[in-house]
Amino acid sequence: MDLKRVLDIVEEEVVDGDEEELASPDAKRRRTLLNSSMQEAIGAQYMQKHLPKLEPFLRRVVQEEVHNVLIRHIDSAHRLPLQLKTSSKRYKLQFQGNLPQTLFTGNRVEAENKQPLRIVLTDAVNNQLITSGPLSSMKVELLVLDGDFNADERLEHTEKEFSESIVFEREGKRPLLSGEVVIVLEKGVASVRDISFTDNSSWIRSRKFRLGARMSRASSIEERVQEAVSNPFLVKDHRGEVYKKHHPPALADDVWRLEKIGKDGVFHKKLADFGIHTVQDFLRNLVMDQYGLRGLLGSGMSNKMWESTVEHARECVLDDKLYSYCSGHGIILLFNCIHENIGVVVGSNCFSVNALTATQKALVVKLQQDAYKFPSRIVEFKVQSQSADQSPTAPVPPGPASTQMPGLPPQGEANPQPQDHGLLPLHDAALGLEDVLHQHHRHHHSEPWITNGFDATRDPFDMLQFSGSSQPCGLLLSSTGARL
């Protein structure tokens with residue numbers, strides 16, 4: 001209905017209504033109907049005016065929705081064959097052995113045991129090696145993967161997931177892997193012999209790489225072979241190798257080779273200022289004054305860091321050298337290379353610490369504390385056998401300042417008789433010191449030497465060779481020049 005016509009009707013009705021004062025119910029109904037007709041007419045005119053503007057928008061919304069529905073449908077149709085193909089795979093590549101936790105650029109990639117890393121082709125179901133058939137002699141391609149790939153250690157992954165995790169070189173850099181990156185299986189086995197990394201792994205989010213291996217794309221195979229994925233590892237620049245920690249550390253290693261002590265760092269400087277330059281120096285101070293050493297490093301080294309450093313230091317392999325401290329009381333303490341007390345020499349008798357009584361041990365501990373106050377007096381202990389043309393030296397009687405070890409033979413007695421204290425006097429030259437000590441071990445069924453957490457399978461006294469006739473033992477201390 002034309003809007004002008006509607007308005008005219010409304011105007012006429014209003015006039016009539018005024019005349020009749022809208023007294024009848026019919027007049028009210030007519031007015032309501034007219035109002036409704038007017039609203040419909042206004043709405044139709046608005047749509048005619050604005051529909052040309054709304055039509056492109058509506059078309060675009062409808063097209064987008066239809067497109068999304070079609071994409072979801074097509075994607076589902078494509079995924080179904082891939083899932084069926086994945087579930088039907090029969091073979092997989094595997095790395096044999098793990099790679100080290102840290103590799104360095106330019107160094108050959110090897111397994112943890114320094115042996116060539118191997119790749120094998122196995123049956124996905126029973127893990128049996130595939131030694132025959134076309135697949136057993138195919139080419140294998142080596143790739144670099146993100147360290148976060150397969151972080152949950154799943155047994156299976158899709159080809160798409162593997163491809164999306166490949167890491168390529170940074171712009172302007174050489175390929176991440178150099179060397180023989182394509183190798184050939186021989187009876188299902190191939191060795192990775194000549195590859196190295198050209199860049200570190202610090203620039204990716206995970207800061208780690210994995211090594212991957214897949215059948216070469218040049219190979220035309222229909223079977224789905226699951227790719228091999230190694231354990232994650234760091235790759236550092238080659239110049240960082242000179243700062244590498246040693247496991248186990250050596251006695252002569254610089255002290256910064258220990259965990260949590262960085263080269264030229266705060267802890268390194270503190271130790272150097274205190275005269276601690278090597279791992280051996282660190283261990284000696286740990287034995288002689290553990291709390292002093294801990295205090296020297298200060299609060300900057302947490303208890304957890306301290307424990308890590310000490311644990312690493314204790315991995316050190318000790319040498320066979322012996323050291324001695326002459327107390328000035330006729331008693332000489334014997335120490336190992338890190339100044340742990342392992343024995344005592346009294347006169348011509350040598351005793352292990354385990355063979356002493358409680359009273360004797362108390363005296364040795366007191367003398368040991370004195371020795372630790374003057375570490376420069378702890379010197380290397382060298383023993384020479386008494387030559388044949390030397391006459392036995394008469395024992396030196398204890399002087400006024402001498403201290404007699406409780407329960408041990410008097411030092412002035414040339415040929416002391418064994419006392420019933422579980423101690424073995426070493427005057428029997430025919431057996432020799434080594435044989436007597438072995439006899440002592442058999443008699444007491446003693447366990448291997450264990451000192452402050454160190455377990456040395458070789459008895460340190462085994463080094464002391466004794467030879468001569470049936471005369472009393474003649475030990476020459478090079479450090480003091482005194483004959484025992």
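Criteria and cut-off values
- Residues numbered from 1 in each chain as written.
- Predicted model: local features only at pLDDT ≥ 70, side-chain atom pairs only at ≥ 80, totals over all residues.
- Heavy atoms only, no water.
- UniProt positions renumbered as here; feature names shortened; annotations may be inferred.
- Disulfide = S-S within 2.5 Å.
- Pairing = 2+ DSSP bridges.
- Helix = DSSP H or I, 4+ residues; strand = E, 2+ residues; numbered from the N terminus.
- Buried < 20%, exposed > 50% of the residue type's maximum accessible area, 1.4 Å probe, protein only.
- Polar contact = N/O pair within 3.5 Å; in protein donor to acceptor, adjacent residues only side chain to side chain.
- Contact = heavy atoms within 4.5 Å.
- Expected span 1.5 Å × (residues − 1).
- Arc of directions from axis to C-beta.
- Phe/Tyr/Trp six-rings, centres within 6.5 Å; stacked < 30°, edge-to-face > 60°.
- Lys NZ or Arg CZ within 6 Å of the ring centre and 35° of its normal.
- Core = buried A, V, L, I, M, F, W, Y, C linked by side-chain atoms within 4.5 Å.
- Domains from an automatic or database assignment.
- Salt bridge = Lys/Arg side-chain N within 4 Å of Asp/Glu carboxyl O.

- The protein is annotated in an unreviewed UniProt entry as Calmodulin-binding protein 60 D from Aegilops tauschii subsp. strangulata.
- In its Sequence similarities (unreviewed entry) section, UniProt records this for the protein: "Belongs to the plant ACBP60 protein family."

## Remarks on the state of the cysteines
Logical step 1: Counted by the stated rule, this structure contains zero disulfides.
Logical step 2: Free of any disulfide, cysteine 337 has its nearest cysteine sulfur in cysteine 316, 7.2 Å distant.

## Here's the deal with the sheet that holds strand 10 (residues 225-226)
Logical step 1: Pairing within the open sheet is mixed, and its four strands lie in the order 7-3-1-10. The two strands at the open ends of the sheet, each matched to only one other strand, are strand 7 (189-192) and strand 10.
Logical step 2: For strand 3 (residues 117-123) and strand 7, the ladder comprises four bridges, and the chain directions are antiparallel. If you follow leucine 117 over to strand 7, its bridge partner there is valine 192.

## Observations regarding the side chain of histidine 312
Logical step 1: By the secondary structure assignment, histidine 312 is in helix 7 (residues 303-313).
Logical step 2: Residue class for histidine 312 comes out buried when judged on its relative accessible area of 2%.
Logical step 3: Side-chain polar atoms of histidine 312 contact the side chain of histidine 247, separated by 3.5 Å.
Logical step 4: Apart from residues lying up to four places away in sequence, histidine 312 is in contact with Lys245, His246, His247, Pro249, Arg257, Leu258 and Glu259.

## Details of the sheet that holds strand 6 (residues 182-184)
Logical step 1: Strand order in the open sheet formed by four strands is 6-4-9-11, and the pairing between neighbours is antiparallel. At either margin of the open sheet sits one strand with a lone partner, and together these are strand 6 and strand 11 (228-229).

## Section: helix 8 (residues 358-373)
Logical step 1: Taking 1.5 Å of rise per residue, 16 residues should cover 22 Å, and helix 8 covers 23 Å from first to last C-alpha, within 8% of that figure.
Logical step 2: By the burial criterion, the buried members of helix 8 are Gln360, Val364, Leu367, Gln368, Ala371 and Tyr372. The buried side chains of helix 8 occupy one side of the element, clustering within an arc of 145 degrees when seen end-on. In helix 8, the exposed residues that point more than 90 degrees away from the buried face are Ala358, Thr359 and Lys373.
Logical step 3: Buried residues along helix 8 sit in contact with helix 5 (279-288), strand 13 (323-326), strand 14 (331-335) and strand 15 (341-346).

## Concerning the environment of glycine 97
Logical step 1: Here glycine 97 lies in the loop between strand 1 (91-96) and strand 2 (102-104).
Logical step 2: Placed 134 residues apart in sequence, glycine 97 and asparagine 231 show a C-alpha to C-alpha distance of 9.3 Å.

## Focus on the packing of aromatic side chains
Logical step 1: This structure, assessed with the given rule, holds six aromatic pairs.
Logical step 2: Considering the side-chain rings of tryptophan 203 and phenylalanine 209, the 6.4 Å spacing of their centres and the 75 degrees angle between planes classify their relative orientation as edge-to-face.
Logical step 3: On the basis of relative accessibility, which here comes to 0%, the residue phenylalanine 209 falls in the buried class.
Logical step 4: Chaining the aromatic ring pairs together yields one cluster made of Phe197, Trp203, Phe209 and Phe233.
Logical step 5: Sitting over the ring of tyrosine 323, arginine 284 keeps its end group 5.0 Å from the ring centre.
Logical step 6: Just above the ring of phenylalanine 374 sits the side chain of arginine 377; from NZ or CZ to the centre is 4.3 Å.

## Here's the deal with the pairing of strand 1
Logical step 1: Taken together, the two bridges between strand 1 and strand 10 define a ladder with parallel strand orientation. Its bridge partner being in strand 10, lysine 92 is matched across the sheet by glutamine 226.
Logical step 2: Inspection of the sheet shows strand 1 paired to strand 3 by six bridges, in the antiparallel sense. By the bridge assignment for strand 3, tyrosine 91 is matched with aspartate 123.

## Some thoughts on the nonpolar core
Nonpolar side chains tend toward joint burial in soluble globular proteins.
Logical step 1: One finds Ile261, Leu271, Phe282, Leu283, Trp306, Leu333 and Phe335 to be the most contacted residues of the largest nonpolar core, which totals 37 residues.
Logical step 2: Looking at this core, the elements with two or more residues in it are helix 4 (266-273), helix 5, helix 6 (290-297), helix 7, strand 13, strand 14, strand 15 and helix 8.
Logical step 3: The greatest single-element share of this core, amounting to six residues, is contributed by helix 5.
Logical step 4: Two domains each put at least three residues into this core: domain 2 (245-315) and domain 3 (323-380).
Logical step 5: Not counting residues up to four positions away in its chain, the partners in contact with phenylalanine 282 are Val255, Leu258, Leu271, Ile276, Leu293, Trp306, Thr309 and Ala313.
Logical step 6: Residues Val109, Ile119, Ile130 and Val167 belong to the second largest nonpolar core, which totals 34 residues.

## Focus: the pattern of salt bridges
Logical step 1: This structure, assessed with the given rule, holds six salt bridges.
Logical step 2: Between aspartate 199 and arginine 170 there is a salt bridge whose closest N-O contact spans 2.9 Å. Residue aspartate 199 is found in the loop between strand 8 (195-197) and strand 9 (209-215), and its partner arginine 170 is found in the loop between helix 3 (159-164) and strand 5 (177-179); the two are separated by 29 residues along the sequence.
Logical step 3: The class for aspartate 199 is buried, based on a relative accessible area of 4%.
Logical step 4: Exposure remark for arginine 170: the relative accessible area of 29% places this residue in the partly exposed category.
Logical step 5: Between aspartate 370 and lysine 366 there is a salt bridge, and its shortest N-O distance comes to 3.2 Å. One end of the pair is aspartate 370 and the other is lysine 366, both in helix 8 and four residues apart, which spans about a single turn.

## With respect to the environment of alanine 371
Logical step 1: Turning to its location among the elements, alanine 371 is positioned in helix 8.
Logical step 2: Relative accessible area serves as the criterion here: at 0%, alanine 371 is assigned to the buried category.
Logical step 3: On a C-alpha basis, the gap between alanine 371 and cysteine 326 in space is 8.5 Å, while along the polypeptide they are 45 residues apart.
Logical step 4: Aside from chain neighbours lying at most four places away, what touches alanine 371 is Tyr325, Phe335 and Ile378.

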